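Structural description and commentary
Letter by letter, the chains look like this.
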Amino acid sequence: MHTLATAGFLEGSAARGWTALSEAYREATGRDAAPERLGGLLAAVRTLGLKGWAELRGRGADSSVRLTATGRAIATVAAAHDEVLADAVAFTRGTTGFLSGIWSNRRLDDDLVDLLDRLSAQMAAGWELTGPPAAEGERAVREMRTALDGVLVCPLLVAMGRSDGLRNLKPGACLPPTPWHHPAMTRVLVTAGLAARDGDEVRLSELGADRLRHAADYGVTVSYADVLSDLSASVFGGSWRTSRSDSDVSRATNIWGSAGHSALRRLRAELIKDVLLPVFDRPDLAEQPAGLADTGCGSGLPLREVAELVIRHTRRGRHLDTHPLLVVGGDISPEARALSERTLADLTDTDGVAHLVLEADVGDPESYDASLRARCSELGLPQVGLGDLLHMQMFLLHDRELSVRGPGPAREQLREALSTCSPAALADTLALVGVPMVPPDPEAALSAVTDQFTVDQCDEGALVPGLVAAADLVATVRRWRPYLRHGLLMAEAHAPRLTAPGADEGALGGDAAVELDPSPAVWGIHSASSQFLMPQQEHELAMVLGGLACAYRRATGTSGVSVAHWVHSEEVYFDLRLPALPEFAFPSPEPRKVGVR
């Protein structure tokens, strides 16, 4: 709905050809915007680009936009069916209350049920969409029909996936009468091929059972329904919403979707097996971490699962009497902390295991460390700080308050980081983005680095240059570095990369970028709620500038999601510049270190 509505807003201007972003804003709203307030529109247009509906030329506030042939057809279809579009946006706006009513067995809002009944009837009729003639018009109708179907189908799948007794249903199983036999809900499920009527029964189809097993994949997107339906905020910078407020996001659904996403589950399982469990299976128990901390712990379920694996399957778990394990969950959300406290409570039934749940802001590890030490003292636990723990952060580091503001402070942050990070780690990481060597001149090196940060961001409607968002990540990692003696296991979502200056732009059509990615929703929901997704290569460059090195990585085929084990760079690279190491030092055989001068 976010992309359809944005394409509709751009019908008059960007459909005619290249249009300055500021002019597109003026035509859509009837008012002027300061260049720095174009962040919401730029982020929304980039979502269109990821769908193949728009092209962008230039960077930042100087960008120009034009709709592709498909985008122009989409805009035409959207304009011709504005009432359907308005109804779909209204249902999206009511999605959170609708789901809450299903899960709590409350009477659903009559107006929302009437709206669902009307929309489900239109869905069953194929939405009766008409578009321009020829292939692009047919494609536009198909894509708009799919989008409108998703407005109804995705919330119902999430409702079923989070309902006890439904998530593990097999093909052919009967759905319970309340609320699933309501004519509108049955109509949606049957039209989508997820269920079939069998007399008075409604039975799950094979497709429905498969989609239900993966229902969590839709959870994060659905959790942002309130944000995405508020177009005055998410596109045109009105009253803003952020992911850090429980009032703006369906927190429980967001947590469930993040923890249960198919790609993350698979990658996280590999990370735990290959990295985390071996850490707690090392022979020298005294050198193991005092415990583990999950910042952004959500419901606490992933943290509990990991803790139970450590207890049952590692050397540490067999020696808890002499080397107890501290399990720490941290989250900025009060709702998440309450969920985690309930989830982790039973861990303390195991002798030698203690748990704590603390307020934690990923941008402020110093306060987090102080809270941990104070709580340990308060409860009479052994004194433990953040630096004594192995850390996990799953889909978190992009969700932070900016502390670096403006290109000037950003360049100073990166200049300082260049003087302290590992030159060998920097050289290896720049090579991955096509920079063959780090220029010896400091200013040339700074330019080589800043050129790599290609994706501009949006923060509460404000346009944030990619350079600034990257420098802020570097600053955040540098604040965390003192506490990462035992490393950081992280999962991160990524945006596709724009072509960096000087690179071959032929695949993007010269200086215009048509970006294609299988999951534009990932960018759309994060940019609309002031979260800062970066391409995987740029994210890793920022982590290295923060003083870390990647010891392990796995990613999906499109690099949309990655998991990694980050450690102090000196654990991987041997740097003779470091004053603590004499010049005759040699690299130890494990892990392999690369000498640099």
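Here the residue index of a chain counts from 1 through its sequence in written order. The model is predicted, so local features are restricted to residues of pLDDT at least 70 and side-chain atom pairs to those at 80 or more, both for listing and for counting; the totals for chains, interfaces and linings are taken over all residues. Neither water nor hydrogens contribute to the side-chain values; these are computed over all heavy atoms in the structure.

Thoughts on the sheet that holds strand β8 (residues 353–359)
Note the cut-off: Note: two strands are recorded as paired if DSSP finds a minimum of 2 bridges between them. Each helix is a run of DSSP H or I of at least 4 residues and each strand a run of E of at least 2, with the numbering of both proceeding from the N terminus. Where helices are involved, their axes are fitted lines through C-alpha atoms of the stretch in contact, as for all axes, and angles between N-to-C directions lie from 0 to 180°. Here, residues are in contact when the closest pair of their heavy atoms is within 4.5 Å.
What the seven strands build is an open sheet, ordered β8-β7-β6-β9-β12-β15-β14; its pairing is mixed. The open sheet has two edge strands, β8 and β14 (548–555), and neither has a second partner. With direction set aside, neighbouring strand axes in the sheet form an average angle of 20°. As judged from the four bridges shared by strand β9 (residues 389–394) and strand β12 (residues 488–493), these two strands associate in the parallel manner. What sits directly across from Q393, in β12, is M490. The sheet contacts of helix α19 (residues 365–379) involve β6 (291–295), β7 (325–331), β8 and β9, and relative to β8 the element is tilted by about 135°. Running over the sheet, helix α25 (residues 536–545) touches β12, β14 and β15 (561–568) and is turned about 155° from β14.

As for the packing of aromatic side chains
We apply this condition: In this analysis, rings of Phe, Tyr and Trp, with Trp reduced to its six-membered ring, are considered paired at centre separations within 6.5 Å, and the interplanar angle assigns stacked below 30 degrees, edge-to-face beyond 60, and tilted for intermediate values. Exposed residues in this analysis have more than 50% of their type's maximum accessible area, buried residues have under 20%, and partly exposed residues fall in between, with area computed by a 1.4 Å probe over protein chains only. Definition used: whenever NZ (Lys) or CZ (Arg) falls within 6 Å of the ring centre and also within 35 degrees of the ring normal, the charge is taken to sit over that ring.
A full pass over the atoms with the stated rule returns two aromatic pairs. An angle of 80° between the planes, with centres 6.2 Å apart, marks the rings of Y368 and W480 as edge-to-face. With Y368 in helix α19 and W480 in helix α23 (residues 466–480), the pair connects residues that are 112 residues apart, well separated along the chain. Y368 sits in the buried class, given a relative accessible area of 1%. Among the residues examined, W480 registers a relative accessible area of 3% and is labelled buried. If you follow R46 out to its NZ or CZ, it ends over the ring of W523, 4.8 Å from the centre. In this arrangement the basic side chain of R162 is found over the ring face of W103, its NZ or CZ atom lying 4.2 Å from the centre.

Here's the deal with the packing of helix α21 (residues 423–432) against α25
Our working definition: We call two directions roughly parallel when the angle between them is under 35 degrees, roughly antiparallel when it is over 145, roughly perpendicular when it lies between 65 and 115, and oblique otherwise. Note that Gly is not counted as nonpolar here; it falls among the polar residues with everything else outside the nonpolar set of Ala, Val, Leu, Ile, Met, Phe, Trp, Tyr, Cys and Pro and the charged set of Asp, Glu, Lys and Arg.
Contact geometry of α21 with α25 gives a least axis separation of 10 Å together with a crossing angle of 170°. Relative to α25, α21 is oriented roughly antiparallel. Where α21 approaches α25, its residues A425, L426, T429, L430 and L432 are matched on the opposing element by E540, L541, V544 and L545. The residue makeup of the contact of α21 with α25, split by class, is seven nonpolar, one polar and one charged.

A closer look at the environment of L418
For L418, the position within the fold is in helix α20 (residues 407–420). Since its relative accessible area comes to 17%, L418 is described here as buried. Sequence spacing of L418 and L446 is 28 residues, and the spatial spacing of their C-alpha atoms is 7.5 Å. Here L418 is in contact with L426, A445, L446, V449 and L545, once residues within four sequence places are set aside.

Digging into the pairing of β15
Judged by how many residues are buried, β15 sits mostly within the fold: eight of eight residues are covered. For β12 and β15, the ladder comprises six bridges, and the chain directions are antiparallel. Bridge pairing in β15 places A491 opposite V563. Where β14 and β15 come together, seven bridges link them in antiparallel fashion. By the bridge assignment, A555 is partnered in β15 with S562.

Description of helix α7 (residues 110–124)
Defined as follows: By this rule the span expected of a helix is its residue count minus one, scaled by 1.5 Å. Picture the helix axis, draw a direction to every C-beta atom, and the arc is the one those directions span. Pairs of N or O atoms are called polar contacts if they sit within 3.5 Å, as long as, within protein, a hydrogen donor faces a hydrogen acceptor (for residues adjacent in sequence, only side-chain-to-side-chain pairs).
Between its first and last C-alpha, α7 extends 21 Å over 15 residues, near the 21 Å set by a 1.5 Å rise per residue. Residues of α7 that are buried: L112, V113, L115, L116, L119, S120 and M123. Taken end-on, α7 shows its buried residues confined to a sector of 155°, consistent with a single buried face. In this fold, the buried residues of α7 make contact with α5 (82–93), α6 (95–103), α8 (134–161) and α10 (183–191). Its side-chain oxygen 3.1 Å from the backbone nitrogen of D111, D109 forms the N-cap of α7. Looking one or two residues beyond α7, the residue adopting positive phi is G126, at roughly 75°.

Observations regarding the nonpolar core
Note on soluble globular proteins: their nonpolar side chains tend to be buried together. Selection criterion: Think of a nonpolar core as a cluster: buried Ala, Val, Leu, Ile, Met, Phe, Trp, Tyr and Cys residues, connected wherever their side-chain atoms sit within 4.5 Å.
If you look at the biggest cluster of nonpolar residues, it comprises 68 residues, and the most contacted ones within it are F91, F98, L152, L175 and W180. Top contributing element to this core by residue count: α8, with twelve residues. Once residues within four sequence positions are removed from consideration, L175 is found in contact with M160, L166, L169, W180, H181, L189, V202 and L204. Formed by 62 residues, the second largest nonpolar core is a distinct cluster that contains A293, L402, A471 and M490.

Brief notes about the pairing of strand β2 (residues 54–57)
Where β2 and strand β3 (residues 64–67) come together, four bridges link them in antiparallel fashion. By the bridge assignment, E55 is partnered in β3 with R66.

Let's talk about unusual backbone geometry
Outside of glycine, negative phi angles account for most residues, and trans bonds account for most peptide bonds. T178 connects to P179 through a cis peptide bond whose omega is 0°. On the secondary structure map, P179 appears in helix α9 (residues 177–180). Even without being glycine, W127 reaches a positive phi, approximately 70°. On the secondary structure map, W127 appears in the loop between α7 and α8. On the accessibility criterion, W127 (4% relative accessible area) is buried.

Regarding the environment of A121
Within the secondary structure, A121 is located in helix α7. The exposure class of A121 is partly exposed, given its relative accessible area of 38%. For the pair A121 and V188, spaced 67 residues apart in sequence, the C-alpha separation works out to 8.3 Å.

Description of the packing of α6 against α8
Using the following cut-off: Left-handed describes a crossing whose near helix is turned anticlockwise from the far helix through less than a right angle; right-handed describes the clockwise counterpart.
The interhelical angle for the contact between α6 and α8, taken along N-to-C directions, is 30°, at an axis separation of 10 Å. In terms of orientation, α6 lies roughly parallel with respect to α8. Crossing handedness for the pair α6 and α8: right-handed. Between α6, through T95, F98, L99, I102 and W103, and α8, the contact on the second element is made entirely by P155, L156, V158 and A159.

Section: the pattern of salt bridges
Inclusion rule: One side-chain nitrogen of Lys or Arg within 4 Å of one carboxyl oxygen of Asp or Glu is enough to make a salt bridge.
For the structure shown, the criterion picks out 25 salt bridges. The closest approach of N and O atoms between D32 and R26, which form a salt bridge, is 2.4 Å. For D32, a relative accessible area of 58% gives the class exposed. Overall, R26 belongs to the partly exposed group, its relative accessible area being 34%. E538 is the partner of R497 in a salt bridge, and the nearest nitrogen-oxygen pair spans 2.8 Å. Placement of R497 in the loop between β12 and β13 (512–513) and of E538 in helix α25 is noted, with a sequence separation of 41 residues between them. Take R497: its relative accessible area is 22%, and that puts it in the partly exposed class. The exposure class of E538 is buried, given its relative accessible area of 3%. A single salt-bridge network, built from bridges that share partners, covers E23, R26 and D32.

All quantities given are derived from atomic positions and should not be read as evidence of function.
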